[in-house]
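So you can see what is in the structure, the chains are spelled out below.
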Amino acid sequence: MKEKKLKEVMDKVHIKKEMEEEILKNVMNFKKENEQAGKNKGKRKMAGWQRKAAAAAIALAVIGVGGITTYAIIENPIKARMESMAEEEKEALLKEIDKSTALATTYSRDFTKNELARQRELTMAYNKGRFPKKTIKIVESEEQVDKDTLCCIPATGYIYIPDRELTDEEFLQMVDYNHKTAYVLLERTKRENPEIEEEEQKLKKQIKAEGGISEEEAIAKAKRYLKTEYGKDSDGMEVEIYVRPSEAAAGWTDETVLDGKPIYVVRFSIQCVENYSFPINSSDGSLIE
């Protein structure tokens, strides 16, 4: 993707100017940056909202505004939790995001082998409705860090992890924070770009008019592909489905196969652990790539 094209569409995604410039420079080779950061202080990773902002920018560059659709978490209790957030909490999170100068989250230390295993287990439990009792502690600087308390400094993307095994509650707080920041950011993006919702509805109507498969059928197909291609079960994973115009499949398949028909993209994920995306032909449910 050419930098000029990416730059042209970044204005359609509501993120800070500094972050926009950082994405332009690094989003294509973030893995290399992450490996280099591992040699320095802590471990650097993209937080949920940061990954989604970058993904939004890329999708817009590739297929236009119609490529970004709603934050469509389905088949788990997360959707209801996100939608029930108080406006005051949403506003506070957006203020934290807008103040942030970080492209990626920096952790004070790496997770232990046991913590990594528990991270996967607890994230899946969160997806099924096990939520934290409290929210992660927010502080303004490292000087305010309590050495025995998990906390986050939004302005720098720094998360302090105590020098002891994390509790289940603390893991759930980190997962919850990432989900909420991702949700409010994309909700604002959608609110400020009403054409996103309009384009999505247009594509859905096109699929229905052409006798294409439903979202439920696309998800069922994707679950089978998840099993056959990777030997994985979707139980405990986030399930998201998006509708994309046929141009989104450019380079994946012979475009005459799609002939202008929209595609579904079904995504299964465990936050910060693993994710799988399947582009599905809306006509017959076949796997595009």
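Before reading further, recall that the structure is shown in the block above.
Residues numbered from 1 in each chain as written. Predicted model: local features only at pLDDT ≥ 70, side-chain atom pairs only at ≥ 80, totals over all residues. Heavy atoms only, no water.

Draft legend 1. Structural detail: the overall build of the protein chain. Counting its secondary structure elements, the protein chain contains 11 helices and 9 strands. For the protein chain, buried positions account for 51% of its 289 residues. (Helix = DSSP H or I, 4+ residues; strand = E, 2+ residues; numbered from the N terminus. Buried < 20%, exposed > 50% of the residue type's maximum accessible area, 1.4 Å probe, protein only.)

Draft legend 2. Representation of the packing of aromatic side chains. Applying the stated criterion across every chain, the model contains 7 aromatic pairs. Ring plane angle 75 degrees and centroid distance 4.8 Å describe the contact between Tyr126 and Phe131, whose orientation is recorded as edge-to-face. Assessed through its relative accessible area of 0%, Tyr126 is described here as buried. Aromatic ring contacts, followed pair by pair, group Tyr225, Tyr230, Phe268, Tyr276 and Phe278 into a single cluster. Taking the ring centre of Phe131 as reference, the NZ or CZ of Arg81 above it sits at 4.4 Å. (Phe/Tyr/Trp six-rings, centres within 6.5 Å; stacked < 30°, edge-to-face > 60°. Lys NZ or Arg CZ within 6 Å of the ring centre and 35° of its normal.)

Draft legend 3. Broad picture of the side chain of Lys180. You can see Lys180 is positioned in helix α8 (residues 168–192). The buried category is assigned to Lys180, whose relative accessible area is 8%. Among the polar contacts listed, one links the side chain of Lys180 to the side chain of Glu89, at a separation of 2.8 Å. Setting aside residues up to four positions removed in sequence, Lys180 forms contacts with Arg81, Met82, Met85, Glu89, Leu93 and Thr135. (Polar contact = N/O pair within 3.5 Å; in protein donor to acceptor, adjacent residues only side chain to side chain. Contact = heavy atoms within 4.5 Å.)

Take it as geometry only, folks, not as evidence of what the structure does.
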